[in-house]
Amino acid sequence: MKVIAINGSPKKDGNTAQAMKLVCDELEAAGIETEIICIGNKLIRGCMGCGKCFKNRDEKCIFGEDGVNDIIQKMKDADGILLGSPVHYSGVSGAMKSFLDRAFYVSDANRGLFARKVGASVAAVRRSGGITTIDQLNRYLSYSEMLISSSNYWTVIHGTMPGEVLQDEEGIQIVRILGKNMAWLLNLVENGKGAVTAPEMEKKTMTNFIR
C-alpha cells in the first residue's frame with residue numbers, strides 16, 4: 001500500500017513537512033510506503049472553471065505545464081492521500097488551494113478517481129486558524145467520497161520557526177495517532193477487498209436553484 005502526501009507549504013522542510021513526516025513515520029512503521037510531494041513552492045495556476053476536464057474525461061486538467069496532472073495520477077494510484085498545509089489567513093496556502101481545486105475537480109469529472117481511498121489532513125500554525133484550515137482540507141476529502149481518518153484531537157500542530165512543532169508535545173501525539181489510525185483504516189480497506197462489496201458509484205445529480 002502507498003500514501004501520497006501533498007505538502008502545501010512554500011517551505012519544503014518547514015513545520016508542515018515536519019508534521020507530515022511524523023504521520024508518515026507511523027505509516028512506514030506499519031509497512032505502508034509514503035511519498036511527500038511539496039507543491040507549496042511551485043507556481044500553480046488556479047482552476048479557471050473551463051469544464052474541459054468534464055468534457056474530455058481524460059483524467060487531466062487542460063493546463064498541464066505545472067506538473068499537476070502527474071501528481072493527480074500518483075494520487076489516483078495511491079491507497080491513501082494525506083493533505084498538509086500551513087495556515088494563511090485562517091485557511092490553506094494559495095498554492096494548495098489552486099492545486100486542490102484542480103486535482104479534485106479532475107477526480108470528480110472522471111467519476112471519482114479518489115473515491116473510497118483513505119484521506120487525512122494536518123495543519124501547522126503559529127497560533128490560531130488551524131481548525132478552519134483542516135476543515136477546509138477535509139471538505140475536499142469528504143466531497144470525494146473518501147474515508148477520513150481522525151485523531152484524538154483536531155489535527156493541528158503549533159510552531160513558528162521551522163522545527164518548532166517538535167516542541168509541541170500534544171501536537172506530536174495528535175499527528176502520531178493520526179498516522180496510526182490512518183494505517184489501521186488502510187489495512188481495514190485492504191483486507192475488506194473481496195470480502196465486502198463497495199457501493200456502486202452513482203452518476204452525480206446536479207440541480208440549479210435559479211429557475
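Its 14 residues place the ends of helix α5 (residues 130–143) 20 Å apart at the C-alpha level, agreeing with the 20 Å of an ideal helix rising 1.5 Å per residue. All of the buried residues along α5 are Gly130, Thr133, Ile134, Gln136, Leu137, Tyr140 and Leu141. Those residues of α5 that are buried are in contact with β3 (80–86), α4 (94–109), β4 (118–125), β5 (147–148) and β6 (156–158). Positive backbone phi, at 60 degrees, marks Glu145, one or two positions downstream of α5.

Following the sequence through the fold, Glu59 ends up in the loop between α2 (52–56) and α3 (68–77). Setting aside chain neighbours within four positions, we find Glu59 in contact with Ile72, Gln73, Lys76, Val106, Asn110 and Leu113. At a separation of 2.9 Å, a polar atom in the side chain of Glu59 contacts the side chain of Lys76.

It is at 8 Å that the axes of helix α1 (residues 15–29) and helix α6 (residues 169–192) come closest, and there the two elements cross at 40 degrees. As summarised for this structure, α1 and α6 are arranged oblique, according to the angle between their axes. Between α1 and α6 lies a crossing of right-handed hand. Judged by residue contacts, Ala19, Leu22, Val23, Glu26 and Leu27 of α1 engage Ile172, Val175, Arg176, Leu178, Gly179, Lys180, Met182, Ala183 and Leu186 from α6. For the contact of α1 with α6, the residue count by class is 10 nonpolar, 1 polar and 3 charged.

Turning to α3, a few remarks are in order. Side chains of residues three or four places apart in an α-helix project in the same direction, reflecting 3.6 residues per turn. Along α3, the residues that are buried comprise Val68, Asn69, Ile71, Ile72 and Met75. All buried residues of α3 project into a common sector of 160 degrees when viewed along the axis, lining one side. α3 presents Asp70 and Asp77 as exposed residues on the side facing more than 90 degrees away from its buried surface. As for α3, its buried residues are in contact with β1 (2–7), β2 (33–38), β3 and α4.

The rules behind these values
- Residues numbered from 1 in each chain as written.
- Predicted model: local features only at pLDDT ≥ 70, side-chain atom pairs only at ≥ 80, totals over all residues.
- Heavy atoms only, no water.
- Helix = DSSP H or I, 4+ residues; strand = E, 2+ residues; numbered from the N terminus.
- Expected span 1.5 Å × (residues − 1).
- Buried < 20%, exposed > 50% of the residue type's maximum accessible area, 1.4 Å probe, protein only.
- Contact = heavy atoms within 4.5 Å.
- Polar contact = N/O pair within 3.5 Å; in protein donor to acceptor, adjacent residues only side chain to side chain.
- Axes fitted to C-alpha atoms, helices over the stretch in contact; angles between N-to-C directions.
- Parallel < 35°, antiparallel > 145°, perpendicular 65-115°, else oblique.
- Left-handed = near helix turned anticlockwise from the far one by under 90°.
- Nonpolar A, V, L, I, M, F, W, Y, C, P; charged D, E, K, R; others polar.
- Arc of directions from axis to C-beta.

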